[in-house]
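# Fold and contact review
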Amino acid sequence: MKQTTAMRIGRSALVVALAGGAVVAGAAPGAIAGTAATARKATLGPFGYGRLRLGATTTKALATGMIVRKPAGDTARCTTWDLKENPYDSYRVGVYISKRRGVAVIVAPPRARTPQGIGEGSTKAQLKAAYPRLRRGPYGYPAADVPGNKRAYYLFDVRNGEVTGMSLVLAKQDCVM
C-alpha cells in the first residue's frame, strides 16, 4: 500500500511529502482495537478527523486515544504526533499540535474521505467538481476551502490525475508555513 499524505520533519514549512515510499498504513492487524473500522468510516473535515478536532489542546487530543507521540519533529512552537492507526516512518508526521493554537494539521490516513467524498483515488476531475474554487496552495499543492469551516483548508496531493493524499490544515496556525 502506498503511503499517502505525510508531513516532512526538519523544515518549518509545509512540505507535504504527500506521497512516497511504500509503507503499511497502520499497525499490525488487531494491534489497535477498532481503528481499522474507524478509518473506513472516518471523515476528514470539516472540523477534524473522527474525535480529533482542529484547535484541540494537546490534552484534549490525547484524550481521544487517537494519537501517539513523535518528538523528532518538535519545534519551539509545536509538537509532532502520528495517528495510531497510521504511523509514519521516522521523518514524517501525521499531526502537528501548536502550543498556542492546538491541533494545526491532520494528515489523512489512506481510507479517509472528505464530506464531499474526496479521498485517495479520487480523480482530478472529481476533486475539481467537489471543490470548484480549487487553488494553488503551499508548494504548489492544490488547496481548497473547507465547506462549513472558514478556519481551515484542505491540501491535496494529485499525481497522474488522481488524489494520492490530503491534509486538513488550520488556516491560522504557527507550526508549518
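Residues numbered from 1 in each chain as written. Predicted model: local features only at pLDDT ≥ 70, side-chain atom pairs only at ≥ 80, totals over all residues. Heavy atoms only, no water.

## Quick notes on the packing of aromatic side chains
The cut-off we apply is this: Pairing of aromatic rings covers Phe, Tyr and the six-membered ring of Trp, with a centre-to-centre limit of 6.5 Å; geometry is then stacked below 30 degrees between planes, edge-to-face above 60, and tilted otherwise. Counting from the N terminus, the helices are DSSP H or I runs at least four residues long and the strands are E runs at least two residues long. Burial here depends on accessible area, computed with a 1.4 Å probe over protein chains only, as a share of the maximum for the residue type. Under 20% is buried, over 50% is exposed, and the range in between is partly exposed. Throughout this description, the term charge over a ring refers to an Arg CZ or Lys NZ atom that lies within 6 Å of the ring centre and within 35 degrees of the ring normal.
Per the counting criterion, the structure on display carries three aromatic pairs. Judged by centre distance (5.6 Å) and plane angle (40°), the rings of Tyr131 and Phe156 are tilted. Here Tyr131, found in the loop between helix H3 (124-130) and strand S9 (135-136), pairs with Phe156, found in strand S11 (residues 149-159); they are 25 residues apart in sequence, far enough to count as distant. Residue Tyr131 is classed as buried on the basis of its relative accessible area, which comes to 4%. With a relative accessible area of 0%, Phe156 lands in the buried category. Taken together, Tyr131, Tyr154 and Phe156 form an aromatic cluster joined through their ring pairs. Cation over ring: Arg69 sits above Trp81, and NZ or CZ is 4.9 Å from the ring centre.

## With respect to the sheet that holds strand S8 (residues 102-107)
Quick note on the threshold: At least two bridges found by DSSP between two strands is the condition for calling them paired.
Spatially, eight strands are ordered S4-S5-S7-S8-S12-S11-S10-S9 in an open sheet, and the strand pairing comes out antiparallel. Where the open sheet ends on each side, the last strands, each with one partner, are strand S4 (67-69) and S9. By the bridge criterion, four bridges tie strand S5 (residues 78-83) to strand S7 (residues 95-98) in an arrangement that is antiparallel. Across the sheet, Cys78 pairs through a bridge with Ser98, a residue of S7.

## A short note on the nonpolar core
The cut-off we apply is this: Nonpolar core, defined: a set of buried Ala, Val, Leu, Ile, Met, Phe, Trp, Tyr and Cys residues in which side-chain atoms within 4.5 Å join the residues together. The contact definition used throughout considers only heavy atoms, calling two residues in contact when any of these lie within 4.5 Å.
One finds Leu44, Tyr49, Leu52, Ile67, Val95, Val103 and Phe156 to be the most contacted residues of the largest nonpolar core, which totals 29 residues. When contributions to this core are tallied by element, the ones reaching two or more residues are S5, S7, S8, strand S10 (142-146), S11 and strand S12 (162-170). Ranked by residues supplied to this core, first place goes to S12 with four residues. Discounting chain neighbours no more than four positions away, the residues touching Val103 are Leu52, Arg53, Leu54, Gly55, Ala56, Ala61, Val95, Tyr96, Ile97 and Leu170.

## Some thoughts on the confidence of the model for the chain
The line we're drawing: Scored between 0 and 100, pLDDT is the confidence that the predictor attaches to each residue.
With 77% of its residues at a pLDDT of 70 or more, the chain shows a mean pLDDT of 82. Taken as a whole, residues 1-40 scores under 50 in pLDDT and shows 111 contacts with residues more than four places along the chain or in a different chain.

## Observations concerning the pairing of S10
With four of five residues buried, S10 lies mostly within the body of the structure. Note: S9 against S10, two bridges, orientation antiparallel. Bridging from a neighbouring strand, Arg135 pairs with Ala143 of S10. Taken together, S9 and the strand that follows it, S10, pair antiparallel across an intervening segment of five residues, in which Tyr139 is found at a positive phi of about 60°. Hairpin connection between S10 and S11: a loop of two residues separates the two successive antiparallel strands, and Gly148 in this loop has a positive phi of roughly 90°.

## Focus: the side chain of Thr64
Heads up, the rule is: In the analysis that follows, any N or O atom pair within 3.5 Å is treated as a polar contact, provided that within protein one partner can donate a hydrogen and the other can accept it, and provided that, for residues neighboring in sequence, both atoms belong to side chains.
In this fold, Thr64 is placed in the loop between helix H2 (58-63) and S4. Since its relative accessible area comes to 12%, Thr64 is described here as buried. For Thr64, the side chain forms a polar contact with the main-chain oxygen of Ala61, separated by 2.6 Å. Residue contacts for Thr64: discarding those within four places in its chain leaves Arg51 and Leu52.

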